[in-house]
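Survey of secondary and tertiary structure
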Amino acid sequence: MHETGVPEPLVMAITGASGAPYAVRLLQALVAADRPIWLIVSSHGFRLLHTETGIHSIDALREAVGGPAWDRVVTVYEDRDRGAAPASGSARTSGMVICPCSMGTLAAVAAGTSRSLVERAADVTLKERRPLLLVPRETPLSMIHLENMLRLTRAGAVVMPAAPGFYHKPATVDALVDFMVARILDHLGVPQTLVARWRG
Ligand SMILES: Cc1cc2nc3c(=O)[nH]c(=O)nc-3n(C[C@H](O)[C@H](O)[C@H](O)COP(=O)(O)O)c2cc1C
């Protein structure tokens, strides 16, 4: 939390793994919660947004999330601009979520390569010991994927594979999406009412 009482921005990256609907729903929930967001979309993040949701541009994403509310809290950064605010540890943030996270980006973060703003912002988040949440989707997993996830977990990141449960008996794709987004919001400390908590 900043001295002004306004929460520090959360860096959110959308990369090219299947699961673009998770990103849209998560953005809607964060914007509805009035969380300042620094948004970075990789080129394949856009490709998957288009393929899976029909969203083909930042303007279309803004429309899908809710224009006026978006304008209040979302700042968009170019993935190729490694000099933008999220690239520096001196810019205060509350952490970062990469949703969905491709195995390519996950590997780059595990290796600390920082060749894009997404990768650099994640590297900064780790070095500043801020929360880093990655939501990968891939199956099956190779030894390299598993080792990269272990490395990130040991470095303090939370790896939360997009693996929705079925015990709440989802009747729609939206209900499956909400299941994952609710778990992500829990980890980000954002109150959620998307999915009722399991009471046994
Ligand atoms: C239709 C499509 C689906 C893909 N699905 C996945 C996926 O589920 N998981 C994954 O790790 N990569 C997936 N990829 C591959 C990534 O998009 C690719 O490795 C890309 O270079 C990732 O770049 P980025 O991390 O900068 O977005 C997919 C690619 C396409 C075109």
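Structure: see above.
Note that the structure is predicted; figures quoted are calculated from it, not measured. (Residues numbered from 1 in each chain as written. Predicted model: local features only at pLDDT ≥ 70, side-chain atom pairs only at ≥ 80, totals over all residues. Heavy atoms only, no water.)

1. What about unusual backbone geometry?
Let me state the cut-off plainly: For the purposes of this entry, the term helix denotes a DSSP run of H or I that reaches at least four residues, the term strand denotes a run of E that reaches at least two, and both are numbered from the N terminus.
Cys99 connects to Pro100 through a cis peptide bond whose omega is -10 degrees. The residue Pro100 is located in strand S4 (residues 95-101) in this model. Thr139 connects to Pro140 through a cis peptide bond whose omega is -10 degrees. Phi angles above zero are rare outside glycine, and Ser114 is one such case at about 55 degrees.

2. Comments concerning the site of the ligand
This is how it is decided: A single heavy atom is enough: if one lies within 4 Å of a molecule or strand, its residue is considered near that molecule or strand. Any pair of N or O atoms that falls within 3.5 Å is considered a polar contact. Within protein, one atom must be able to donate a hydrogen and the other to accept it, and sequence-neighbouring residues count only if both atoms are side-chain atoms. Using a 1.4 Å probe, accessible areas were evaluated by the Shrake-Rupley method; residue-level cover was limited to the displayed protein chains. Charged means Asp, Glu, Lys or Arg here, nonpolar means Ala, Val, Leu, Ile, Met, Phe, Trp, Tyr, Cys or Pro, and polar covers whatever is left, Gly included.
Lining the immediate surroundings of the ligand are 14 residues, of which Gly16, Ser42, Ser102, Thr105 and Arg137 lie closest. Backbone polar atom of Ser18 to an oxygen atom of the ligand: 3.0 Å apart, as the coordinates give it. Contact distances for the ligand include 2.5 Å between an oxygen atom and a side-chain N or O atom of Ser102. Out of a free accessible area of 640 Å², the ligand has 66% covered by protein chains. Mapped by element, the contributors of at least two residues to the shell around the ligand are helix H2 (43-53) and helix H5 (103-111). Of the residues forming the shell around the ligand, the biggest block, 4 residues, is contributed by H2. When the residues that make up the shell around the ligand are grouped by side-chain class, the tally is 3 nonpolar, 8 polar and 3 charged.

3. Quick notes on the pattern of salt bridges
The test is simple: Salt bridges are defined by distance alone: a side-chain nitrogen of Lys or Arg within 4 Å of a carboxyl oxygen of Asp or Glu. Burial status follows relative accessibility: with a 1.4 Å probe on protein chains alone, a residue under 20% of its type maximum counts as buried, one over 50% as exposed, and anything between as partly exposed.
Inspection of every chain in the model, using the stated rule, returns 11 salt bridges. Asp34 is paired through a salt bridge with Arg72; the nearest N and O atoms lie 3.3 Å apart. Of this pair, Asp34 sits in the loop between helix H1 (20-32) and strand S2 (37-41) while Arg72 sits in helix H4 (residues 67-73), and the two are 38 residues apart along the sequence. Relative accessible area serves as the criterion here: at 58%, Arg72 is assigned to the exposed category. Here Asp186 and Arg197 are joined by a salt bridge, their closest N and O atoms 2.9 Å apart. Within this pair, whereas Asp186 is found in helix H8 (residues 173-188), its partner Arg197 is found in the segment after H8, the two being separated by 11 residues in sequence. Of the residues examined, Asp186 reaches a relative accessible area of 28% and is grouped as partly exposed. Take Arg197: its relative accessible area is 45%, and that puts it in the partly exposed class. In the salt-bridge network here, residues are joined through shared partners; they are Arg62, Glu63 and Asp71.

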